[in-house]
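# Working through the structure, step by step
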Amino acid sequence: MLHQGLAKEMSPSATKSSTMRHPKSAFLLFLNSTAASVTPALRPRPATVSAAFCHRSASRASTSRPNRALSTSPHPIVSRGGASLRQSTPPSLHSPAACFSAALAGTALAIASSTTEATSCSGNEEHNDGGAMQLTTEAGPHEGRANPFPEDTIKHDTYNGVTVDVSLLPKEITACPNRFQEALITALGTWKDEGKRGVWMRIPTELAGLIPPCTEQGFDFQHAEPGRAVLTKWLPTESDSRLPRGPTHQVGVGILLLHPQTGKMLAVQEKTGPAAARKLWKMPTGLTDPGEDIVEAAVRELKEETGLDGTFDKIICFRQAHGGLFNQSDMFFVCLLRLDPKYDEALREGGDIELAPQEEEIADASWIDMESYANQEVWQASPLYKEMNDAMLSVARGGIEKQDSEYGDDTGAAAEMSNINAHGGSSGSLFPRPASHGGGFVARTLPVGFRPGKNTIYTSNL
């Protein structure tokens, strides 16, 4: 009903004005115009409204409860029916219309007060001579001012850098962008005085509204990931930033898995992507997850795409490419895996190895002859992939043959390799390791030693 009445009060041209775009602003305009027009006799003497009424209206405005501006109070101006008024009230206010006009004026005051509070979360606000609020955006002297960011939300590194986890900051700072910016300005000045160089700001998605205050203070994006954006700022003005750029590489793996009896390699056809468009048979491939070693990624991708369990043997080769997704570089590692020993018994009993292609991505999976794989038209047209496939074929056929003299004893290693046939089989083992005496990089996961944790190192077996 209010909006209908408002539409009637406003002219067609007025309803299209910018004021009408905000319901609260339009309502204020309606209240003010109504208060001024209900009783024209009041306009010459607005100051005659009783002091008690003005005091009550102002106090209600300060409580930000405009819906109660017309409620009764301990000192009513108007009794039921409008018949009884205070003695100090001028005669011109004795009518109900006049009282309603005055009440409307109080309501307008209360709504204006709540609007101001809603649109300005007080933080780094100060009044200039004209009374308008302004925000200081430049860091000045900070001597004697404590850093507003608690120390348990900050990490200091050995490069004179600072990392702030915004999700850990007190809510009284993060609840308001203005207040956050004020704290940030103070913190930046403090860190600069302390000789800090780089500042890293980790902002979770739910606090993305704090990104603009950071960019206004010179921060720029370093990288983003699901749930978080990271921004950085270089504090020294006399030198260019030496902070590392965002992630530059993605790491992929390809899996060479040989059938222990036939020597054929496991290959798949994908449902989508460039390989699917060419109906290309390819080895199972995929990208590493964050924090995942190549060894783990290869075993995982084999399981996901074919349903098979395997164990990592070694890296056969790897290639580097540039200009990929988001202009990132790409490192791709071809890994030799062996079937898990659990398949041994089934093979001994004449069974086969069941494949379970991944429903979402893989159209087909099969054991195919390596020469047929390498002779596909796409591979033959690529010198790069011909080199990669040759390395895979070499491993499948026993690797680089060595003379017994190279081992310095009579272990018979060279003789064993000479018995490895073109299918990758071995005369003495159901699950041969055809690359164990050939080329490639073997993996060892070892403790770092001088700090907690382990890393995986890949060393050449040439």
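Residues numbered from 1 in each chain as written. Predicted model: local features only at pLDDT ≥ 70, side-chain atom pairs only at ≥ 80, totals over all residues. Heavy atoms only, no water.

### Observations concerning helix α10 (residues 294–306)
Formally: Per the convention used, a helix needs a DSSP run of H or I reaching at least four residues, while a strand needs a run of E reaching at least two, with both numbered from the N terminus. Working rule for helices: expected span equals 1.5 Å times residues minus one. Only protein chains enter the accessibility calculation, which uses a 1.4 Å probe; a residue is then buried when its area is under 20% of its type maximum, exposed when over 50%, and partly exposed in between.
Relative to the 18 Å expected for 13 residues at 1.5 Å per residue, α10 spans 18 Å between its end C-alpha atoms, a close match to the ideal helical length. Listed as buried for α10 are I294, A297, A298, R300, E301, L302, E305 and T306. A positive backbone phi angle near 80 degrees is found at G307, which sits one or two residues after α10.

### Some remarks on the pattern of salt bridges
Here is the rule we go by: The salt bridge definition used is simple: a Lys or Arg side-chain nitrogen within 4 Å of an Asp or Glu carboxyl oxygen.
This structure, assessed with the given rule, holds 12 salt bridges. A salt bridge links K342 to D309; the nearest nitrogen and oxygen atoms lie 2.3 Å apart. With K342 in the loop between β12 (329–339) and α11 (344–348) and D309 in the loop between α10 and β11 (310–321), the pair connects residues that are 33 residues apart, well separated along the chain. Ionic contacts of the salt-bridge type, sharing partners, join the residues D289, E292, R300, E301 and E304 into one network.

### Some points on the pairing of strand β9 (residues 265–270)
Under the convention used in this document: Strand pairing requires that DSSP identify at least two bridges connecting the strands.
The element β9 is largely enclosed, with a buried count of five among its six residues. Bridge count for β9 against strand β13 (residues 362–368) is six bridges, and the pairing is antiparallel. In the strand pairing of β13, A267 is matched with S366.

### Comments concerning the environment of H249
Put simply, the rule is: We call two residues in contact whenever any of their non-hydrogen atoms come within 4.5 Å of each other. Two N or O atoms count as a polar contact when they lie within 3.5 Å, although within protein this holds only if one can serve as hydrogen donor and the other as acceptor, and sequence-adjacent residues are included solely when both atoms are side-chain atoms.
Locating H249 in the fold gives a position in strand β8 (residues 249–257). Distance in space between the C-alpha atoms of H249 and H322 is 8.7 Å, their sequence separation being 73 residues. If sequence neighbours within four positions are ignored, H249 has contacts with Q320, Q328, S329, D330 and M331. Within the local environment of H249, its side chain forms a polar contact with the side chain of T248, the two groups lying 2.8 Å apart.

### Quick notes on the pairing of strand β7 (residues 228–234)
Buried residues dominate β7, accounting for six of its seven residues. Two elements, strand β5 (residues 198–204) and β7, share seven bridges in a ladder whose sense is antiparallel. In the strand pairing of β7, I203 is matched with A229. Two strands pair when backbone bridges link them, and strand β6 (residues 220–225) and β7 are joined in this way by five bridges, in the antiparallel orientation. Bridge assignment links E225 to a residue of β7, and that residue is R228. Linking β6 to β7, which pair antiparallel, is a turn of two residues; within it G227 sits at a positive phi near 95 degrees.

### What about the side chain of E305?
We apply this condition: The positive count covers Lys and Arg only, the negative count covers Asp and Glu only, and His and the chain ends enter neither.
Relative to the helices and strands, E305 is located in helix α10. Put simply, E305 is tucked away with no salt bridge, and the nearest opposite charge, on K282, sits 5.3 Å away. Once residues within four sequence positions are removed from consideration, E305 is found in contact with V268, P284, T285, A356, P357, Q358, E361 and I362.

### Description of helix α14 (residues 383–396)
The condition is simple: Each C-beta atom gives one direction from the helix axis, and the arc is the one those directions make.
Given a rise of 1.5 Å per residue, 14 residues ought to cover 20 Å, and the 20 Å separating the end C-alpha atoms of α14 matches this to within 8%. Within α14, the full set of buried residues consists of M388, N389, M392, L393, V395 and A396. Angular distribution of buried residues about the axis of α14 spans 160 degrees; they occupy a single face of the element. Facing away from the buried side of α14 by over 90 degrees, the exposed positions are P383 and E387.

### Some thoughts on the nonpolar core
Quick note on the threshold: In these notes, a set of buried Ala, Val, Leu, Ile, Met, Phe, Trp, Tyr and Cys residues joined through side-chain atoms within 4.5 Å is what counts as a nonpolar core.
Counting residues in each nonpolar core, the largest one holds 24 residues, and the members touching the most others are F149, V164, W191 and M201. For this core, the secondary structure elements donating two or more residues are β4 (161–165), α7 (177–193), β5, α8 (211–216) and β7. Per-element tally for this core: the top contributor is α7, with six residues.

### What about the environment of L280?
With respect to the helices and strands, L280 occurs in the loop between α9 (274–277) and β10 (285–287). Residue L280 is classed as buried on the basis of its relative accessible area, which comes to 7%. C-alpha of L280 to C-alpha of E377: the two residues are 97 residues apart in sequence and 9.1 Å apart in space. Sequence-distant contacts of L280, defined by excluding residues within four places in its chain, comprise V268, Q269, A275, Q376, V378 and W379.

### Looking at the sheet that holds strand β3 (residues 154–156)
Where we set the bar: Lines fitted to the C-alpha atoms define the axes, with helices restricted to the stretch that makes contact. Angles between their N-to-C directions range from 0 to 180 degrees.
The strand order across the open sheet formed by five strands is β3-β4-β5-β7-β6, and the pairing between neighbours is mixed. Among the strands making up the open sheet, the edge pair consists of β3 and β6. Adjacent strand axes in the sheet meet at a mean angle of 20 degrees when their direction is disregarded. Both β3 and β4 contribute to a ladder of three bridges, which runs antiparallel. The residue bridging H156 from the neighbouring strand is V162, located in β4. On top of the sheet, α7 reaches β3, β4, β5 and β7; it is set at about 150 degrees to β5, its chief contact.

### Quick look at unusual backbone geometry
The phi angle at K279 is positive, at roughly 50 degrees, despite the residue not being glycine. Structurally, the position occupied by K279 is in the loop between α9 and β10. Take K279: its relative accessible area is 66%, and that puts it in the exposed class. Positive phi, close to 65 degrees, is recorded for N327, a residue that is not glycine. Its place among the elements puts N327 in the loop between β11 and β12.

### What to know about the packing of aromatic side chains
Let me state the cut-off plainly: Stacked, edge-to-face and tilted labels apply to pairs of Phe, Tyr and Trp rings (six-membered ring for Trp) whose centres lie within 6.5 Å, assigned for plane angles under 30 degrees, over 60, and everything in between, in that order.
Evaluated as defined, the whole model comprises six aromatic pairs. Aromatic side chains Y373 and W379 sit 6.0 Å apart centroid to centroid with 45 degrees between the ring planes, which places their arrangement in the tilted category. Both residues of the pair, Y373 and W379, belong to the buried class. A connected cluster of aromatic rings, assembled from ring pairs, spans F149, F180 and W191.

### What to know about the state of the cysteines
Rule in force here: Disulfides are defined as cysteine sulfur pairs within 2.5 Å.
Under the counting rule described, the total for this entry stands at zero disulfides. C335 provides the cysteine sulfur closest to C317, a residue in no disulfide bond, and the two sulfurs are 9.2 Å apart. C317 sits in the buried class, given a relative accessible area of 16%.

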